Amino acid sequence: MTDQVIYDRGYRTYDGERTGPSGARKAVYKDGIRRVLGLGRKAREKIYPWLMIAIALAMAAVVIGVHWFIGDLAQSLSEGVPSYGELFDLYSWIGLLFIAFAGPWLLIPDRTRGVLSVYFSRPLTVDGYLVAKVGAFATVVGAIYVIPQVVLHLGLGLISDDGFLTYMGDNLDVLWKVPVTTLAFVAMHGALALLLSAFINRPGIASAAFLGVLIPGRFIAAQISEASFAGARWTSLLAFDHLPRMVRDTLFRDTVTYPAEAVGFGAWTAAAVIAVSIVISAILVRSRYRRLA
Amino acid sequence: MGQDNIVEITGLTHDYGGVVALRALDLTVPPGVTGLVGANGAGKTTMLRLLLGLLHPTSGKMTVMGHDPETEPLAVRARLGYMPEGDCLPKDQTAADFVAYTAQLAGLPPSEARRRSSETLFLVGLEEERFRYLGDFSTGMQQRVKLAQAIVHDPDLVLLDEPASGLDPAGRSQMLHLVRRLGEFDINVIVSSHVLTDIEETCSWVVMLDAGDLLRSGPLQGFEQRGSVQVEVVANVAQLAERLARRGLQVTVEGLHLVVGPGDQKIEQAILEETAAAESGLVRMIRGSASLEDLFLQPGQEVTL
């Protein structure tokens, strides 16, 4: 038997490609997606995100199944089968619960575990870091909204009596209405979740604060908006959860009336408030991280 | 980059809203392993953060590897590695994943980042543990991962902030060995520490800070020649001491023994001349080497290195 030898390989220099700041941003983006989905993490960190994804896909499958098995009955009871717009009501709850988890999980651990000091010692700016994180967030959460709708759309096309292509041709408007509605939901809920996550250091508390602002918050805002003091109606716009739903209703011509609509605000006002919320959130989050860097 | 200085600093001052952390420093650091020593609060971490471009100087100029970190922070950071003193590891990632990720953050392509991650973890002695989660690592292992992420992308200069902090004696010895090896691999290193013996063990150049002021900067080798000299004579001790003191030397008398200095080689010549003049009768003269601690505890004494 020959003698065993352990070689010390020492340190190897690297003269290859260096991608610079764009490579750093891409790395943060990819790591953000992996973190939200629990990839490369312990099994328990995969459970929640993949459960939410499974529920969203299962809901699409159920709706397709309803059409498949009771198509004729569904036609006669068309009011009872959810439309694309109404499905957003179902998905938005999955999305809301997913965002409540994803926003804090994406931002807080880097900050509380001191990892930012390593990240910002690399060719990575605060803006680059935040843009990459927001990109990762939007990609995953957007997929939560869009992929089940795509599955539904293709499924309904495949089981349509008129044929797949005819169904697709008759429903072309879905191809832009779904992404625009998704954008409204992701933007409004995302801006709020990321803002809270930038200032709260415990993920559980940040999640609770996010849900607290959106769910009880909309009832409180609605009650105050009905009060008699001057300008009370404006508080209806603080029911942040209603704003993307108002956009959706306008696009899909649904007929739910939200408090903000009852006091005279329309979808354009809702869209404007969403846009302002994004700007305020971006300014505050950026300011917070510039101090941390 | 040849023998160019890796860091050049002119008139550098940094204050935190009125609290001066660094005061009008003029400093050059040559290639090699440099120790940045000083008590807690001396300004070491502020200095490292200024070199990284994470802080902006209140006044003064500096270049790191030929770049100004204030105006070209990304160019500087692309060629630097940094090991922070405090916690900086995500507990839910494996060592291999985290080190590969930090290599990608420095601009390495993913496949190369993963390969270098394995090699670097091997180098720091974590080849067996690289697929374990960082949350399961001991303090010593975490320090090694911190070192690995600082060097994985082959930086020109590595900044190590208290690398042996929190380690037991065995862990400290292993970490200092790793730092010495970086020097052997021709990686430029600036290592900050408040433990002077750590610097003596690892560095070829030393920069001493004290409450934001530069105390000394120079090669560590020269310090050995600046110890005090122990002298034993047979007579006239008081007269000899007085003569040496008149030459500006620090003298302590105990019986027939004198301790003269610290100072350079000129002390020996002065002792020989004054012993003869005082007719003291020289028995023996021994130079002791000065430790960094000796010099650090004598801030009033100017030493030219």
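A.B. asks: Please clarify how helix H6 (residues 126-159) of chain A should be interpreted in this entry.
C.D. replies: Think of an α-helix as turning once every 3.6 residues; residues three or four places apart then point the same way. Taking 1.5 Å as the rise per residue, H6 of chain A with 34 residues should run 50 Å; its terminal C-alpha atoms sit 49 Å apart, in good agreement. The largest bend in H6 of chain A comes to about 35°, at Ala-143 of chain A.

A.B. asks: Help me understand the sheet that holds strand S10 (residues 229-233) of chain B, please; the structure alone is not making it clear to me.
C.D. replies: Residue and element names in this part refer to chain B. Judged by pairing direction, the sheet is antiparallel, and its four strands sit side by side in the order S11-S12-S10-S13 without closing on themselves. At either end of the open sheet lies a strand with only one pairing partner, and these are strand S11 (251-254) and strand S13 (282-287). Adjacent strand axes in the sheet meet at a mean angle of 15° when their direction is disregarded. Across the sheet, helix H8 (residues 237-246) lies against S10, S11 and strand S12 (257-260), angled at about 170° from S11, the strand it touches most. Across the sheet, helix H9 (residues 266-278) is in contact with S10, S12 and S13; its angle to S10 comes to roughly 15°.

A.B. asks: So what exactly am I meant to see when it comes to the sheet that holds strand S1 (residues 7-16) of chain B here?
C.D. replies: Strands in a sheet are paired, the pairing made by backbone hydrogen bonds, and the direction either parallel or antiparallel. Residue and element names in this part refer to chain B. If you trace the three strands from one edge of the open sheet to the other, you get S2-S1-S4, paired in antiparallel fashion. One side of each edge strand has no neighbouring strand; the edge strands of this open sheet are strand S2 (19-29) and strand S4 (59-64). Shown here is a sheet whose adjacent strand axes are inclined to one another by a mean of 25°, direction ignored. Of the strand pairs in this sheet, S1 and S4 are connected by five bridges, and their pairing is antiparallel. Each bridged residue has a counterpart across the sheet, and for Val-7 the counterpart in S4 is Val-64.

A.B. asks: I would appreciate a short explanation of the confidence of the model for chain B in the present structure.
C.D. replies: Reading predicted coordinates in detail is not appropriate for stretches of low pLDDT. Residue and element names in this part refer to chain B. Per-residue confidence for chain B averages 87 on the pLDDT scale, and 91% of its residues sit at or above 70. By mean pLDDT, helix H10 (residues 292-296) is the weakest element of chain B at 63, and helix H3 (residues 95-105) is the strongest at 96. This stretch, residues 299-305, has a pLDDT under 50; its non-local contacts, to residues over four places away or in other chains, come to ten contacts. For this predicted complex, the interface score ipTM comes out at 0.85, alongside a pTM of 0.83.

Conventions adopted
Throughout this document, residue positions are counted from 1 along each chain, in the order its sequence is written. Chains and ligands are labelled sequentially in the order written, the chains with letters from A and the ligands with numbers from 1. Predicted model: local features are reported for residues with pLDDT of at least 70 only, side-chain atom pairs are reported and counted for 80 or more only, and whole-chain, interface and lining totals are derived from all residues. The helix and strand labels rest on DSSP assignments: H or I over at least four residues marks a helix, E over at least two residues marks a strand, and numbering proceeds from the N terminus. By this rule, a helix spans an expected 1.5 Å times one less than how many residues it contains. Consider a residue and the seven residues that end there alongside the seven that start there; fitting an axis to each set, the bend is the angle between those axes. Each pair of strands is called paired provided DSSP finds at least two bridges between the two strands. Helix axes are fitted to C-alpha atoms over the stretch in contact, other axes to C-alpha atoms as well, and angles between N-to-C directions run from 0 to 180 degrees. Any pair of residues counts as being in contact when their C-beta atoms, constructed from backbone geometry, are within 7 Å of one another. The pLDDT value expresses, per residue, how confident the predictor is, ranging between 0 and 100.

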